[in-house]
Amino acid sequence: MPSLTFLGATEQVTGSCYMIEFEEQRIILECGIIQGESDTNSDNFTVPFDVENVDAVIISHAHLDHSGRLGLLASAGYQGPVYVTRATNSLLPIMLKDAAFLHQKDIEWENKHLRRAGKTLLEPSYTVDDVDQILGQTKALPYGEQKQILPGIKLRFMDAGHIIGSSIVEIWFETQGFSRKLVFSGDLGNSCSPLLPDPDIVENADLLLLESTYGDRDHRPLDETLQEFEDALRTAAEEGGNVLIPSFAVGRTQDLIYRLGQLYQAGRLKQQKVFIDSPMATKVTKVYKDYTHLFNEDDPNFSEAIKEGWENWLPIMSFTQDVEESMALNNITSGAIIIAGSGMCTGGRIRHHLKYNLWREKAHILIVGFQARGTLGRILVDGARQVRILGSDIAVKAQIHTLGGFSAHAGQSQLITWAGRFKKPRPRLYLVHGEREKMEALRTTFHQQLDWEAHLANFRETITF
Ligand code: ZN
């Protein structure tokens, strides 16, 4: 009988990691880092299982909360395969090398202080070389193709519609006369997302792990969100302030470019310049261009336009090339839209832009993604009047807009509808990847609407199925 041990994301939206054991074989499903208030969590630099006994690793998509400990796996000696979709395989080098580089920089920074204090220096937990090694172990599969990955174990990726390459993971376990199936939802896309299709429908499973990032609520209707978006941009243009949009490099930034391009082409975008100020977003945006065949078919003009280059869609957009260009943006006090990472303002260039704009009354900050508890983004959403950024106290006078409808995650009704497609007898259901109270709310709704009991797991809990 297969067993599954919850090694992460049991009470929070990040740090996905599950260990599956079957017939003396061991699979690690997801190997993500914990983000948000625990960004520097020491758990991010340890592997919560014995690497020697791992036979295969499966990653649902390239976001670091699902993939960010892969470099650490290599450093701990893992030499086996890492199964991913093709687009994930294109994104992982960008994501993982950046993370390794930042980690090495952090250690160098700490060592400066330790050296002065005459203390023992730290070693990085893993390096860019480890990332190179694990990237050599990835095996990319197309969506929809079932593949035997170990004796008695088959794998198939379906499209989750969350970011390019994101997948719903189906795993079959079979041995003489016995068969079981696990489905892991991964992160499910919001069906209102403009670029990607709705999540694929899956109808059979014995065990279902369902994400619950937005388990407690539905997003605002898209029409309202788009109107708010346009209104905020217009007000900023009239008042003469800059617009800052903290944005995840993968997915959200490309959605924003799409929306801004729509407004531009309709003559309704008053700003003169849009800057994508994130080296990672710049690289990822290029990868998106190679996978237009995975886009939904709602707007063929768009797919055609960006094949020649994203600038065809939004001619006033430019990608900053280096730190000097990024710093030069600090001199612009009005008329610019600056999209920069990180999405929750926990790091990256957005913090510099916030430092230069938050105290200006005419500046507008558009929050377009999920903000985990404890992050600067969440603190701003919650209405702080003063924040500390890069060593300075900064008054918050800018206007903060929270636009819920842009989420790349399914809202509560979408989660219930997607899971409700599973045929009876329904699979055993575990909610994961959500803050506890959101999972509780989703559990209640599953009970009320579908008479389906959902379970919440504890960290390190093992279940059989
Ligand atoms: Zn994700």
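Residues numbered from 1 in each chain as written. Predicted model: local features only at pLDDT ≥ 70, side-chain atom pairs only at ≥ 80, totals over all residues. Heavy atoms only, no water.

*Asks:* Mind laying out the pattern of salt bridges, listing which residues take part and the relevant values?
*Replies:* Oppositely charged side chains can form a pair if their charged atoms are brought close together. Evaluation of the coordinates by the stated rule reveals 22 salt bridges. Among the salt bridges present, the one from Arg220 reaches Glu224, with a minimum N-O distance of 3.3 Å. In this structure Glu224 comes out as partly exposed when scored by relative accessible area, which is 40%. The salt bridge involving Arg388 is made with Asp393; its shortest N-O contact spans 2.9 Å. We classify Asp393 as partly exposed; its relative accessible area is 49%. (Salt bridge = Lys/Arg side-chain N within 4 Å of Asp/Glu carboxyl O. Buried < 20%, exposed > 50% of the residue type's maximum accessible area, 1.4 Å probe, protein only.)

*Asks:* Mind laying out the domain arrangement of the protein chain, listing which residues take part and the relevant values?
*Replies:* The accessible area lost on association of the parts is a frequent measure of interface size. Domain parsing of the protein chain yields domain 1 (3–217 + 408–464) and domain 2 (222–406). Counting from both sides, the interface comprises 28 residues of domain 1 and, opposite them, 29 residues of domain 2. Surface buried jointly by domain 1 and domain 2 totals about 2,600 Å² across both partners, of which 65% is contributed by carbon and sulfur atoms. Area buried by domain 1 at its contact with domain 2 is led by Ile164, Pro194 and Leu195, which between them contribute 26% of it. Applying the counting criterion to the domain 1 and domain 2 interface returns three salt bridges. Across the pair Glu435 and Arg373 runs a salt bridge whose closest N-O atoms are separated by 3.5 Å. Elements that contribute at least two residues to the side of domain 1 that touches domain 2 include exactly helix 3 (86–116) and helix 13 (436–450). Looking at side-chain class alone, the side of domain 1 that touches domain 2 contains 15 nonpolar, six polar and seven charged residues. (Domains from an automatic or database assignment. Contact = heavy atoms within 4.5 Å. Buried area = accessible area lost by both parts, 1.4 Å probe. Helix = DSSP H or I, 4+ residues; strand = E, 2+ residues; numbered from the N terminus. Nonpolar A, V, L, I, M, F, W, Y, C, P; charged D, E, K, R; others polar.)

*Asks:* Give me the lowdown on the environment of Ile350, citing residues and values where you can.
*Replies:* The residue Ile350 is located in helix 10 (residues 350–357) in this model. Note on Ile350: relative accessible area 0%, which makes it buried. Counting along the chain gives 106 residues from Ile350 to Leu244, while the straight-line C-alpha distance between them is 7.9 Å. With residues near it in sequence (within four places) discarded, Ile350 still touches Leu244, Ile245, Pro246, Ala340, Gly341, Ser342 and Cys345.

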